[in-house]
Amino acid sequence: MSSVFIAGVALLVVGGGTKMAIRAYRKIKAGQFFDNTASASRSFYKGTFSTNLTRREAQLILGVKEGTTSDQLKQRHRTLLLLNHPDHGGSTYVATKINEAKELLLK
């Protein structure tokens, strides 16, 4: 019984190791193995804040799309503000921009 379990675990380890080796080989072949910047910053907005907030920029700040309902918008605003609140180590500037984005999109 225990030899069957050990054989199963061994197959699982060999299969997982092979899968990781194949992924690493493909990344090395594509020249992306040592490029961590693509995966680390892919989901963040790389622009800066403009002085006059546009609807598009407000959507990027809150991470919502054009057809988002007001309830979803308020929930997203609440989540972001809890994560970036100045009383909990967040930036006052970012919190202000989050509030401005919510106000603009709810008009």
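Residues numbered from 1 in each chain as written. Predicted model: local features only at pLDDT ≥ 70, side-chain atom pairs only at ≥ 80, totals over all residues. Heavy atoms only, no water.

Novice: Where do I start with the pattern of salt bridges in this structure?
Specialist: Oppositely charged side chains can pair when the atoms bearing their charge come close. Inspection of the entire model under this criterion finds two salt bridges. Among the ionic pairs, Arg55 bridges to Glu66, the shortest N-O distance being 3.8 Å. One end of the pair, Arg55, is in helix α3 (residues 55-62); the other, Glu66, is in the loop between α3 and α4 (70-84), and 11 residues separate them in sequence. Given a relative accessible area of 54%, Glu66 falls into the exposed group. Here Glu100 and Lys97 are joined by a salt bridge, their closest N and O atoms 3.6 Å apart. (Salt bridge = Lys/Arg side-chain N within 4 Å of Asp/Glu carboxyl O. Helix = DSSP H or I, 4+ residues; strand = E, 2+ residues; numbered from the N terminus. Buried < 20%, exposed > 50% of the residue type's maximum accessible area, 1.4 Å probe, protein only.)

Novice: Please clarify how a positive patch on the surface should be interpreted in this entry.
Specialist: A contiguous patch of positive charge on the surface is contributed by Lys19, Arg23, Arg26 and Lys27. Following the sequence through the fold, Arg26 ends up in helix α1 (residues 2-30). We classify Arg26 as exposed; its relative accessible area is 59%. (Patch = residues over 30% accessible without salt bridge, like charges linked within 9 Å, V, L, I, M, F, W, Y side chains within 5 Å. Areas by Shrake-Rupley, 256 points an atom, 1.4 Å probe, with all protein chains shown as cover. Lys, Arg positive; Asp, Glu negative; His and termini not counted. Charge placed at Lys NZ, Arg CZ, Asp CG, Glu CD.)

Novice: Honestly, the side chain of Glu57 in this entry has me stumped. Any pointers?
Specialist: Of note, Glu57 is situated in helix α3. No salt bridge is formed by the buried Glu57. Its closest oppositely charged neighbour is Lys97, at 5.8 Å. In this structure Glu57 touches Thr48, Phe49, Ser50 and Asn52, once residues within four positions along its chain are discounted. (Contact = heavy atoms within 4.5 Å.)

Novice: Explain α4 to me, please; I cannot follow it from the model alone.
Specialist: Think of an α-helix as 3.6 residues a turn; residues three or four steps apart then line up on the same face. Look at α4: 21 Å from first C-alpha to last across 15 residues, which is about the 21 Å you get at 1.5 Å a residue. Those residues of α4 lying buried are Leu73, His77, Leu80 and Leu81. Viewed along the axis of α4, the buried residues span an arc of 100°, placing them on a single side of the element. Exposed side chains of α4 directed beyond 90 degrees from the buried face belong to Asp71, Leu82 and Leu83. (Expected span 1.5 Å × (residues − 1). Arc of directions from axis to C-beta.)

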